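Summary of structural features
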Amino acid sequence: GGRRTRPDARPVSVLSMTPPPVSYVDRLGTTYPLNSPRWCADAAEADGSPMPLMLTDRTGITRSQIDASVRSLWRYSASFPLECASPISLGEGCTPLVRRPFGSGGGEVHFKCEWFNPTCSFKDRGASVMLSLLRQQGVTHVLEASSGNGGVKEVSRRCLGSV
């Protein structure tokens with residue numbers, strides 16, 4: 001028994017996977033171990049605000065690189081590791097962040113209202129990116145095993161994107 005292939009099988013592009021990160025990295029290239037919880041770098045941004053930490057050496061994006069004319073997660077496409085010429089989107093992302101008081105000590109909690117996504121789930125974002133990149137690579141058929149709302153996300157985007 002050799003490897004079986006379909007007669008109509010076409011070569012498919014394979015994305016190179018980077019190994020898992022071993023440290024946090026800031027915009028200056030300084031690394032910090034993952035086993036030590038941190039929320040920002042030791043250095044600050046030019047305006048004095050905390051410098052964010054990344055899990056890759058990608059520099060992230062600035063406000064000027066956010067495409068405010070796009071009403072979906074694709075407004076942040078400058079930060080994505082791969083370009084996508086024609087994204088499949090139902091307008092996912094851009095869900096509100098709501099601040100509310102918490103406890104008697106004057107604390108606050110922030111709620112990310114994911115039910116404002118097209119199919120009411122955070123999974124909308126991943127479905128949009130995955131199916132957009134697969135279509136760009138020439139994939140025309142996708143088989144998704146699901147027992148819940150993950151399958152709804154895939155179907156909704158397949159109908160829109162003809163994948």
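Structure first, text after, so check above.
Structural notes, computed from the coordinates. (Residues numbered from 1 in each chain as written. Predicted model: local features only at pLDDT ≥ 70, side-chain atom pairs only at ≥ 80, totals over all residues. Heavy atoms only, no water.)

One finds Tyr-24, Tyr-32, Ala-41, Met-51 and Leu-53 forming the largest nonpolar core, which totals five residues. Every residue in contact with Tyr-24, bar those within four places of it in the chain, is listed here: Thr-30, Thr-31, Tyr-32, Pro-33, Leu-34, Ser-36, Arg-38, Leu-53, Met-54 and Leu-55. (Core = buried A, V, L, I, M, F, W, Y, C linked by side-chain atoms within 4.5 Å. Buried < 20%, exposed > 50% of the residue type's maximum accessible area, 1.4 Å probe, protein only. Contact = heavy atoms within 4.5 Å.)

Before going further, it helps to examine the pairing of strand E3 (residues 97-102). In terms of residue burial, E3 counts as a barely covered element, since only zero of its six residues are buried. Both E3 and strand E4 (residues 107-112) contribute to a ladder of six bridges, which runs antiparallel. Across the sheet, residue Arg-99 finds its bridge partner in E4, namely His-110. Where E3 folds back on E4, the antiparallel hairpin that results is connected by four residues, among which Gly-103 adopts a positive phi of roughly 75°. (Helix = DSSP H or I, 4+ residues; strand = E, 2+ residues; numbered from the N terminus. Pairing = 2+ DSSP bridges.)

Attention now goes to helix H1 (residues 123-136). Between its terminal C-alpha atoms H1 stretches 20 Å, which fits the 20 Å expected from 14 residues at 1.5 Å a residue. For H1, the set of buried residues is Asp-124, Ala-127, Ser-128, Leu-131, Ser-132 and Leu-133. Positive phi appears at Gly-138, one or two residues downstream of H1, with a value of about 95°. (Expected span 1.5 Å × (residues − 1).)

Moving on: the side chain of Arg-75. By secondary structure assignment, the location of Arg-75 is in the loop between strand E2 (31-33) and E3. The charged side chain of Arg-75 is buried without a salt bridge, its nearest counter-charge being Asp-67 at 7.1 Å. Excluding residues within four positions of it along the chain, Arg-75 makes contact with Gln-65, Ile-66, Asp-67, Ala-68, Val-70 and Cys-94. (Lys, Arg positive; Asp, Glu negative; His and termini not counted. Salt bridge = Lys/Arg side-chain N within 4 Å of Asp/Glu carboxyl O.)

Another aspect to go through is the packing of aromatic side chains. A full pass over the atoms with the stated rule returns two aromatic pairs. Between Trp-74 and Phe-80, the ring centres sit 5.2 Å apart and the planes meet at 75°, which makes this aromatic pair edge-to-face. Residue Trp-74 is classed as buried on the basis of its relative accessible area, which comes to 7%. (Phe/Tyr/Trp six-rings, centres within 6.5 Å; stacked < 30°, edge-to-face > 60°.)

On to the pattern of salt bridges. A complete count under the given rule lists four salt bridges for this structure. Arg-27 serves as the salt-bridge partner of Glu-45, at 2.8 Å between the closest nitrogen and oxygen. In this pair, Glu-45 sits in the loop between E2 and E3 while Arg-27 sits in the loop between strand E1 (23-25) and E2, placing the two residues 18 residues apart along the sequence. Arg-27 gets classed as partly exposed once you look at its relative accessible area, which sits at 35%. Here Arg-125 ties to Glu-114 by a salt bridge, and the two come within 2.5 Å at their closest N and O atoms.

These values are about where atoms sit, not about what they do.
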